[in-house]
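Remarks on the overall topology
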Amino acid sequence: MTTTLRPTAPEQRTDDGSRSRPYEVCVNSRRVGTIDISTDPRLGPAFGRITHLAINERDRHRGRATVAALAAEEVLRGWGCRQVAVSVPASAGTALGLAGALGYTERSRTLSKPLDRAPALPDGSVPRPMGEAEFGPWSAHSRERNAGEWADRGVPRPQAQAKAERDHADLLPRGAASPGAVLRVLAHHGEDVGTLWLGRRDGAPYVYDVEVAGAHRGRGHGRTLMLLAEREALAAGAATLGLNVFAGNTAALRLYASLGYRPTAFHLYKTLL
């Protein structure tokens, strides 16, 4: 039996070079599932994504998803993509196993935590709004650090830098006064020790950036910044708080786990040779 992809709609293209197309997964012309592919609008036309893959329940465990994913990669190669990415729900163990078997590497994971009551901050830890004079240096540092994280995980530096610049421009168009952005500086006994950027993603509070200054690390200030994020989210009426952590950041993963954050999705990538 032969597994193939059959387009279900014309290929969509935009002026910036983005492409996308949906397909049926077929076995001897019989529809057994669906798969959608696209280029990544955040990184450019050389970066592809498998945005959706589903095999009908009665046709699972027969290698259909494996062949469909490989066929999708071949289409993306034909589009000129050098890399493909997927996002897999944390609950989808079979899909995570498939991605691993196909050579995908974790780039980052999304975590989430249900919120109930505002935690107290440690004695001597006092947050304040980030001022406009502080915003410029902080933003430049944050963009550079974020670009470095992506560059360390498979994205060429020019594309990683462009993504970081675009994200800040989109999310913080008015600097420290940007609507929906919560920018805080944490002081401990009068000395600034870290920063927090809390915004919204998909309608829910989301930690975009949290950092403890190098000289003050290892003293619990990262935990305090996350407690501050939870307080801010609760004050805005939220029931959950989400964030992204890059693969390999063991200290951050341990901190978030100790605070009750659990994975909701894994984001993986693979180089297309």
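Structure first, text after, so check above.
To keep things clear, this report deals only with the structure shown in the data block. (Residues numbered from 1 in each chain as written. Predicted model: local features only at pLDDT ≥ 70, side-chain atom pairs only at ≥ 80, totals over all residues. Heavy atoms only, no water.)

Comments concerning the overall build of the protein chain
Basically, it comes down to this: Secondary structure elements follow DSSP: runs of H or I of four or more residues count as helices, runs of E of two or more count as strands, with numbering from the N terminus. The buried label applies to any residue whose accessible area, calculated with a 1.4 Å probe on protein chains only, is under 20% of its type's maximum; exposed applies above 50%, and partly exposed to all values in between. By the convention used here, residues are in contact when the closest approach between their heavy atoms is within 4.5 Å. Counted charges follow a simple rule, with Lys and Arg positive, Asp and Glu negative, and His plus the chain ends left uncounted. The atom standing in for a charge is NZ when the residue is Lys, CZ when it is Arg, CG when it is Asp and CD when it is Glu.
Within the protein chain, the regular secondary structure consists of six helices and 13 strands. Each principal axis of the C-alpha atoms in the protein chain carries an extent, and together these give about 70 × 35 × 30 Å. Residue burial in the protein chain is summarised as follows: out of 273 residues, 44% are buried. Put simply, 62% of the contacts in the protein chain that link residues at least 6 apart link residues at least 24 apart. Here the protein chain contributes 36 positively and 28 negatively charged side chains, and the mean placements of these two sets differ by 6 Å.

Section: the environment of Arg-31
Note the following rule: Side-chain atoms alone can form a polar contact between residues adjacent in sequence; in general such a contact is a pair of N or O atoms within 3.5 Å, and within protein one must be able to donate a hydrogen while the other accepts it.
Within the fold, Arg-31 resides in strand β4 (residues 30-40). Expressed as a C-alpha distance, the spacing of Arg-31 and Asn-244, which sit 213 residues apart in the sequence, is 36 Å. Leaving out residues up to four positions away in the same chain, Arg-31 has contacts with Glu-24, Val-25, Cys-26 and Asn-56. Only 3.5 Å separates the side chain of Arg-31 from the side chain of Glu-24, close enough to count as a polar contact.

Looking at the side chain of Arg-49
Here Arg-49 shows up in strand β5 (residues 44-55). Classification of Arg-49 as buried rests on a relative accessible area of 16%. A distance of 2.8 Å separates polar atoms of two side chains, one belonging to Arg-49 and the other to Ser-87.

Quick word on unusual backbone geometry
If you check the backbone angles, Asn-28 has positive phi at about 50° while not being a glycine. Backbone geometry places His-61, a non-glycine residue, at a positive phi of 65°. Inspection of the secondary structure assignment puts His-61 in the loop between β5 and α1 (64-78).

A word on helix α3 (residues 132-151)
Heads up, the rule is: The span you would expect from a helix comes to 1.5 Å times its residue count less one.
Counted at 1.5 Å a residue, the expected span for α3 with its 20 residues is 28 Å, and the 29 Å between its end C-alpha atoms agrees. Every buried residue belonging to α3 is among Phe-135, Trp-138, Ser-139, Ser-142, Ala-147, Gly-148 and Trp-150, and all of these are buried. As for α3, its buried residues are in contact with β7 (105-114), α4 (157-171), β9 (182-188), β10 (191-201), β11 (204-212) and β12 (240-246).

Quick word on helix α5 (residues 221-235)
With 15 residues, α5 should reach 21 Å at 1.5 Å per residue; the first-to-last C-alpha distance of 21 Å fits that figure. Along α5, the residues that are buried comprise His-221, Thr-224, Leu-225, Met-226, Leu-227, Leu-228, Ala-229, Glu-230 and Ala-233. Trailing α5 by a residue or two, Gly-237 shows a phi angle of about 85°, which is positive.

Describing the environment of Ser-91
Position of Ser-91 among the secondary structure elements: in the loop between β6 (83-89) and α2 (93-101). Note: C-alpha distance between Ser-91 and Phe-266 (175 residues apart in sequence) is 9.8 Å.

A short note on the packing of aromatic side chains
Heads up, the condition is: Side-chain rings of Phe, Tyr and Trp (the six-membered ring for Trp) are treated as a pair once their centres are within 6.5 Å; stacked means planes under 30 degrees apart, edge-to-face means over 60, and tilted covers the remaining angles. Charge-over-ring placement is defined geometrically: NZ (Lys) or CZ (Arg) within 6 Å of the ring centre, and within 35 degrees of the ring normal.
One pass over the full model with this rule turns up six aromatic pairs. Pairing Trp-150 with Phe-246 gives two aromatic rings, centres 5.9 Å apart and planes at 85°, and the pair type is edge-to-face. Within this pair, whereas Trp-150 is found in helix α3, its partner Phe-246 is found in strand β12, the two being separated by 96 residues in sequence. Like Trp-150, the residue Phe-246 is buried in the burial classification. Directly above the aromatic system of Tyr-206 lies the positively charged group of Arg-201, at a separation of 4.1 Å from the ring centroid.

Quick notes on the packing of α5 against helix α6 (residues 250-258)
Rules: Only the contacting stretch of a helix is used when fitting its axis, a line to C-alpha atoms as for every element, and angles between N-to-C directions run 0 to 180 degrees. Working definition: roughly parallel below 35 degrees, roughly antiparallel above 145 degrees, roughly perpendicular at 65 to 115 degrees, and oblique for all remaining angles. Definitions for this section: a left-handed crossing has its near helix turned counterclockwise from the far helix by less than a right angle. A right-handed crossing has that turn clockwise. Each residue gets one of three labels, nonpolar for Ala, Val, Leu, Ile, Met, Phe, Trp, Tyr, Cys and Pro, charged for Asp, Glu, Lys and Arg, and polar for the others, Gly among them.
Close contact between α5 and α6 brings their axes to 11 Å; oriented N to C, the two are set at 50°. Judged by the inter-axis angle, α5 sits oblique to α6. Considering the relative orientation of α5 and α6, their crossing is right-handed. Residues Gly-222, Arg-223 and Met-226 of α5 form the contact with α6, whose own contacting residues are Leu-255, Tyr-256 and Ser-258. For the contact of α5 with α6, a count of residues per class yields three nonpolar, two polar and one charged.

Some remarks on the pairing of β10
This is how the line gets drawn: Should DSSP find at least two bridges between two strands, the strands are regarded as paired.
As paired elements, β9 and β10 share seven bridges and run antiparallel to each other. Its bridge partner being in β10, His-188 is matched across the sheet by Glu-191. Between β9 and β10, which pair antiparallel and follow one another directly, the connecting turn spans two residues, one of which, His-189, has a positive phi of 50°. Bridge count for β10 against β11 is eight bridges, and the pairing is antiparallel. Across the sheet, residue Trp-197 finds its bridge partner in β11, namely Asp-209.

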